[in-house]
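As a plain string of letters, each chain reads:
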Amino acid sequence: MLKRKVGGELWCISQPDHAAAAGYLAAHWGNGEFARPGRYTPCPDPERLRAETVFAVAEHDNGWWEWEADPQIDPVDGLPLDLTSLEQSDGFQRWRLGVPRFRENHPYVALLISLHAYWLHAPRVQAEDTPEFLHPLFGNPADWPSPQGRELEEARQFVAEQHALQELLVDRIGSDPEWAAAVEPWSLRPHTRLLQVCDALSLHLCFGGDKERIMRGIPRASWNDRVSLRVRPAGECKVAIDPYPFDQDPLTVTLRARILNPEIRAPDNFQAWWHALPRREVRFRFVR
């Protein structure tokens, strides 16, 4: 659950709803300046690769399905806990459910989701000089709280698990002549980064879209052609991006949210009360 005070309101957005908005952005990514997913390098079936990539972006938080149905409750306000208030081990459990969920029928989807989880944590627990995979929204891991003791060991174990799974998935995908090109670095790297930037842009909207941000290292035509995106507010619920990566201008993006009074205290019979609340559709527009 993402809980944010936006203006005089409290926005409650589920992780799957945030991910769906990210998938929408991935489905509209690409124009005369930016390559569409699946077309960063030659491959036998670019549209199928694009479809699997969009699927991965849209479902990258699928491990939260069960948690969102029966969430942990914050004792302060009686609402679901915010993502940042959860124990690290709880987050790892979500990834352990979500990464392999589509593994059998969509191994490339599982690979991209695993890489996304990996790069959220690997820079914090091991010395890898990989600035190109720092999350576009969260920045330098040196600025984050570093895990210590048991948490550090848990994080190292999780990162090692994901790396081992990725090797298995790459071997499996690479053994298929129609898919081998998809796991070559010049194809896999930009798609991994695309998931990160669509995640970041969706989170930017979930946080209100009212700050200016620079998102670095975003693939344009290929992995060797990466640019910085300047993302800034341009009016009420309007966000300008330069350079502009989408196939429509403006591009309207809809977020589903429960929007509450920030002073609210949920009643004890949480589930009936929660499901009686209407979900509002908050519409943003991305513009050039």
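What this report covers is the structure whose coordinates are included nearby. This one's a predicted model, so the numbers in the text were calculated from it and none came from an experiment. (Residues numbered from 1 in each chain as written. Predicted model: local features only at pLDDT ≥ 70, side-chain atom pairs only at ≥ 80, totals over all residues. Heavy atoms only, no water.)

Section: the layout of surface pockets
The calculated volume of the largest pocket comes to roughly 930 Å³. Taken together, the elements giving at least two residues each to the lining of the largest pocket come down to β1 (2–6), α1 (15–27), α4 (88–98), α5 (107–125) and α7 (185–206). Considered as a void within the structure, the second largest pocket measures approximately 360 Å³ in volume. Sorting the residues of the lining of the second largest pocket by element identifies α5, α6 (149–174) and α7 as the ones contributing at least two each. A class-by-class count of the residues in the lining of the second largest pocket yields 9 nonpolar, 3 polar and 2 charged. (1 Å grid on protein atoms, 1.4 Å probe; cavity = no way out; pocket = protein on both sides within 12 Å on 5 of 7 lines; lining within 4 Å. Points joined across faces, edges and corners; volume = space filled by probe spheres on them. Helix = DSSP H or I, 4+ residues; strand = E, 2+ residues; numbered from the N terminus. Nonpolar A, V, L, I, M, F, W, Y, C, P; charged D, E, K, R; others polar.)

Observations concerning the sheet that holds β1
Taken together, the 7 strands give an open sheet; going across it, the order is β1-β2-β6-β7-β5-β4-β3, and neighbouring strands pair in mixed fashion. The two strands at the open ends of the sheet, each matched to only one other strand, are β1 and β3 (213–222). Here the strands of the sheet are splayed against their neighbours by 35 degrees on average, with no regard to which way each runs. With respect to the sheet, α1 is in contact with β1, β2 (9–13), β6 (251–260) and β7 (280–287), its orientation differing from that of β6 by roughly 170 degrees. Sitting on the sheet, α7 is in contact with β1, β2, β3, β4 (225–233), β5 (238–242), β6 and β7, with an inclination near 145 degrees to β3. (Pairing = 2+ DSSP bridges. Axes fitted to C-alpha atoms, helices over the stretch in contact; angles between N-to-C directions. Contact = heavy atoms within 4.5 Å.)

Here's the deal with the pattern of salt bridges
Across all of its chains, the model carries 18 salt bridges by this definition. Glu-9 is the salt-bridge partner of Arg-280, the closest N and O atoms lying 3.6 Å from each other. You can see Arg-280 sitting in strand β7 and its partner Glu-9 sitting in strand β2, a full 271 residues away along the chain. For Arg-280, a relative accessible area of 42% puts it in the partly exposed group. Note that Glu-178 is salt-bridged to Arg-48, the shortest N-O span being 3.8 Å. Here Arg-48 lies in helix α2 (residues 46–58) and Glu-178 lies in the loop between α6 and α7, a separation of 130 residues in the sequence. When salt bridges with common partners are traced through the structure, they connect Arg-36, Arg-39, Glu-47 and Arg-50 into a single cluster. (Salt bridge = Lys/Arg side-chain N within 4 Å of Asp/Glu carboxyl O. Buried < 20%, exposed > 50% of the residue type's maximum accessible area, 1.4 Å probe, protein only.)

As for the pairing of β1
Summarising the sheet, β1 and β2 pair through 5 bridges and their orientation is antiparallel. Its bridge partner lying in β2, Leu-2 is registered against Ile-13. Between β1 and β2, which pair antiparallel in sequence order, lie 2 residues; one of them, Gly-7, sits at a positive phi of approximately 60 degrees.

Looking at empty space enclosed by the protein
Regions of empty space are outlined by a rolling probe, equal in size to a water molecule, passed over the atoms. For the structure on display, the rule yields 3 cavities of 30 Å³ or more. Here the largest cavity defines a volume of roughly 50 Å³. Around the largest cavity sit Cys-43, Pro-44, Asp-45, Arg-48, Leu-49, Glu-178, Trp-179 and Ala-182, which together line it. Partitioning the lining of the largest cavity into residue classes produces 5 nonpolar, no polar and 3 charged. Reported here for the second largest cavity is a volume of approximately 40 Å³. Looking at the second largest cavity, the residues that line it are Met-1, Cys-12, Ile-13, Ser-14, Asp-17, Arg-256, Ala-257, Arg-258, Trp-274 and Arg-279. Those elements giving two or more residues to the lining of the second largest cavity turn out to be β2 and β6. Looking at which element gives the most residues to the lining of the second largest cavity, the answer is β6, with 3 residues. Across the lining of the second largest cavity, the residue classes break down as 5 nonpolar, 1 polar and 4 charged.

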